[in-house]
Amino acid sequence: MINKKVLAIILGGGQGTRLSPLTESRSKPAVSIAGKYRLVDIPITNCIHSDIKRMFVLTQFNSASLNSHLKNTYIFSSFSDAFVDVLAAEQTPTNKTWFQGTADAVRQSMHHFLNHDFEYALILSGDQLYQMDFNKMIDSHIEKGAEISIATLPVTPREATEFGILKMNNEHFISSFVEKPEADELPGWESEVSHEMKAENREYLASMGIYIFNRELLVKLLSDQSTIDFGKEIIPQSIGKHKVLAYQYEGYWTDIGNISSFFDANIELTNDIPKFDLFNNAKVILTRPRILPPSKISGTCLDKAMIAEGCLIQAKEIKQSVIGIRSRIGKDTVIKNTYVIGSDRYQDLDELETDLKENRPFIGVGERCIINNAIIDKDCRIGNDVIIEGGPHLEDINEDEYVIKDGIVVIKKGAIIPNNFKITSVNNYSLKNV
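Summary of the structure given here. Model, not experiment: these values are computed from the prediction. (Residues numbered from 1 in each chain as written. Predicted model: local features only at pLDDT ≥ 70, side-chain atom pairs only at ≥ 80, totals over all residues. Heavy atoms only, no water.)

### Re the overall build of the protein chain
When its secondary structure is counted, the protein chain shows 10 helices and 28 strands. Relative to the 2.2 N^0.38 estimate, which gives 22 Å for 434 residues, the radius of gyration of the protein chain is 23 Å and therefore close to what a compact globule would have. Expressed as a percentage of contacts within the protein chain between residues at least 6 apart in sequence, the contacts between residues at least 24 apart total 63%. For the protein chain, the accessible area works out to roughly 19,800 Å², and carbon and sulfur atoms hold 48% of it. If the 47 positive side-chain charges of the protein chain are averaged to one point and the 58 negative ones to another, these points end up 4 Å apart. (Helix = DSSP H or I, 4+ residues; strand = E, 2+ residues; numbered from the N terminus. Rg over C-alpha atoms; globule rule 2.2 N^0.38 Å. Contact = heavy atoms within 4.5 Å. Areas by Shrake-Rupley, 256 points an atom, 1.4 Å probe, with all protein chains shown as cover. Lys, Arg positive; Asp, Glu negative; His and termini not counted. Charge placed at Lys NZ, Arg CZ, Asp CG, Glu CD.)

Here it is as structure tokens:
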């Protein structure tokens, strides 16, 4: 079944510099999550579970891997109206610029949307982690006679300074909005929330960047060429002029905006009862089906570890870590609090023999390594006896093969880390001396 009233528009995001180096060769929505998914799978899955099966994904930066993933994953029947179409930023005779912001991206792509029948546009971000039934939000939008609806999340005073915060009247229509208020501005911005949220001191309503627009109003608002962003311009300017409804959502939601939030979201998945539930039959996350063998694990102590398909693991211990597809981890290695994103391919015996002759580490993690508080991107080669001890004792740094951000060591995609390399203190982590 397809909801013919709603068209979903998923924003691919900008350059994603805060999530660098994971975004050096891919867009934010294409970044791997939980060892086997891509971030863009989250909003698309939420749409499909809500019977919204007509989706456009707007892309601009490093979009090749995202385009490939979408093309190979979301294939609907040729007799169905369902689709997931990629709209890359394009220059036309009437427009010579790339996307300048979220609203500008929708404006430049509007002529494609208007080729379809729809009453409501559901606008989503491609880099958020949550499970949400959009039908409830759409039903509320229709029942209240809203022209714009904004999904909101109760947050704490500390979190409120990082979001757009809004106030609503008794009918849940938004009366005022402030973007990233200072802490001393917060008194008076509290909203009516559930007892559970109040008990957690989450009394400020933050915009989640999830919007519903009536078709006619969206076209009208975007006719003003001077507005380029929804959160900073379109939404604040619409309050008081149009019926803008707040839809309260109280489930798990996080914005994957930087390395710390990305790292925390993945490691949190290893908890016994994670906030983001991958094992719910009704909300199963959809992604590209792969033909991979089961993972093979030999002599490894596993504790709160999440292991994807096709792995070859001989490690001594893996604790509180996510191990992505096709990962290879050598004997006597200890991995803790780490996300190993995995590999795109297996090496054959001839290639392994060549690597041995040329003293080059295999793809994966070698033997007798100790890795803690790290992210290892795809297709990395980590040698033997490597020690990576991330943590707050490390200062931020950007090297050719890795970066350190907020104490998290990120090994860049395809990096080669030689035998005996160590990152343990501020004085001994330069590859130049190896």
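Moving on from the model shown.
### Topic: the pattern of salt bridges
Throughout the structure, instances matching the rule amount to 17 salt bridges. Notably, a salt bridge pairs Glu351 with Arg381, separated by 3.6 Å at the nearest N-O pair. With a gap of 30 residues between them, Glu351 in helix α10 (residues 349-357) and Arg381 in strand β22 (residues 381-382) connect regions that are remote in the sequence. Glu351 gets classed as partly exposed once you look at its relative accessible area, which sits at 21%. Overall, Arg381 belongs to the buried group, its relative accessible area being 10%. The partner of Asp385 in a salt bridge is Arg368, with the nearest N and O atoms 2.8 Å apart. Of this pair, Asp385 sits in the loop between β22 and β23 (387-389) while Arg368 sits in the loop between β20 (364-365) and β21 (370-376), placing them 17 residues apart in sequence. (Salt bridge = Lys/Arg side-chain N within 4 Å of Asp/Glu carboxyl O. Buried < 20%, exposed > 50% of the residue type's maximum accessible area, 1.4 Å probe, protein only.)

### Comments concerning empty space enclosed by the protein
For the structure on display, the rule yields two cavities of 30 Å³ or more. The volume enclosed by the largest cavity comes to roughly 70 Å³. Taken together, Ser32, Gly35, Lys36, Tyr37, Arg38, Arg290, Ile325, Ile341 and Lys378 form the lining of the second largest cavity. Classifying every residue of the lining of the second largest cavity by side-chain character gives three nonpolar, two polar and four charged. (1 Å grid on protein atoms, 1.4 Å probe; cavity = no way out; pocket = protein on both sides within 12 Å on 5 of 7 lines; lining within 4 Å. Points joined across faces, edges and corners; volume = space filled by probe spheres on them. Nonpolar A, V, L, I, M, F, W, Y, C, P; charged D, E, K, R; others polar.)

### Concerning the layout of surface pockets
Looking at the second largest pocket, its volume works out to about 330 Å³. Its residues assigned to classes, the lining of the second largest pocket comprises six nonpolar, seven polar and five charged.

### Here we look at the side chain of Ser149
Mapped onto the secondary structure, Ser149 falls in strand β8 (residues 148-155). Residue classification places Ser149 among the buried positions, given a relative accessible area of 0%. For Ser149, the side chain forms a polar contact with the side chain of His141, separated by 2.7 Å. Non-local contacts of Ser149, meaning those with residues more than four positions away in its chain, are made with Met137, His141, Ile210, Tyr211, Ile212 and Leu245. (Polar contact = N/O pair within 3.5 Å; in protein donor to acceptor, adjacent residues only side chain to side chain.)

### Digging into the state of the cysteines
Inspection of every chain in the model, using the stated rule, returns zero disulfides. There is no disulfide at Cys301, and the cysteine sulfur nearest it, in Cys311, is 17 Å away. When its relative accessible area of 45% is taken as the criterion, Cys301 is described as partly exposed. (Disulfide = S-S within 2.5 Å.)

### With respect to helix α3 (residues 102-113)
Compared with an ideal rise of 1.5 Å per residue, which puts 12 residues at 16 Å, α3 spans 15 Å between its outermost C-alpha atoms and is within 8% of the ideal. In terms of burial, α3 is a largely internal element, nine of the 12 residues being buried. Residues Ala103, Asp104, Ala105, Val106, Arg107, Gln108, Ser109, Met110 and Phe113 constitute the buried set of α3. Elements in contact with the buried residues of α3: β1 (6-11), β4 (54-59), β5 (83-88), β6 (120-125), α7 (215-221) and α8 (230-238). (Expected span 1.5 Å × (residues − 1).)

### Quick look at helix α2 (residues 64-73)
Turning to α2, its buried residues are Leu66, His69, Leu70 and Thr73. Across the axial projection of α2, the buried residues extend over an arc of 95°, all falling on one side. Among the exposed residues of α2, those oriented more than 90 degrees off its buried face are Ala64 and Lys71. In this structure, the buried residues of α2 make contact with β3 (37-38), α1 (41-49), β4 and β5. (Arc of directions from axis to C-beta.)

### Focus on the nonpolar core
Counting 66 residues, the largest nonpolar core has Ile44, Met132, Phe134 and Ile210 as the members making the most contacts within it. Counting residues in each nonpolar core, the second largest holds 36 residues, with Ile9, Leu166, Leu205 and Ala246 among its members. (Core = buried A, V, L, I, M, F, W, Y, C linked by side-chain atoms within 4.5 Å.)

### Describing the pairing of strand β9 (residues 164-168)
With four of five residues buried, β9 lies mostly within the body of the structure. Across five bridges, the pairing between β9 and strand β10 (residues 174-179) is antiparallel. Along β10, the bridge assignment pairs Leu166 with Phe177. Between β9 and β10, which pair antiparallel in sequence order, lie five residues; one of them, His172, sits at a positive phi of approximately 75°. The pairing of β9 with strand β11 (residues 204-214) spans two bridges and is classified as antiparallel. From the neighbouring strand, Ile165 faces β11, where its bridge partner is Ala206. (Pairing = 2+ DSSP bridges.)

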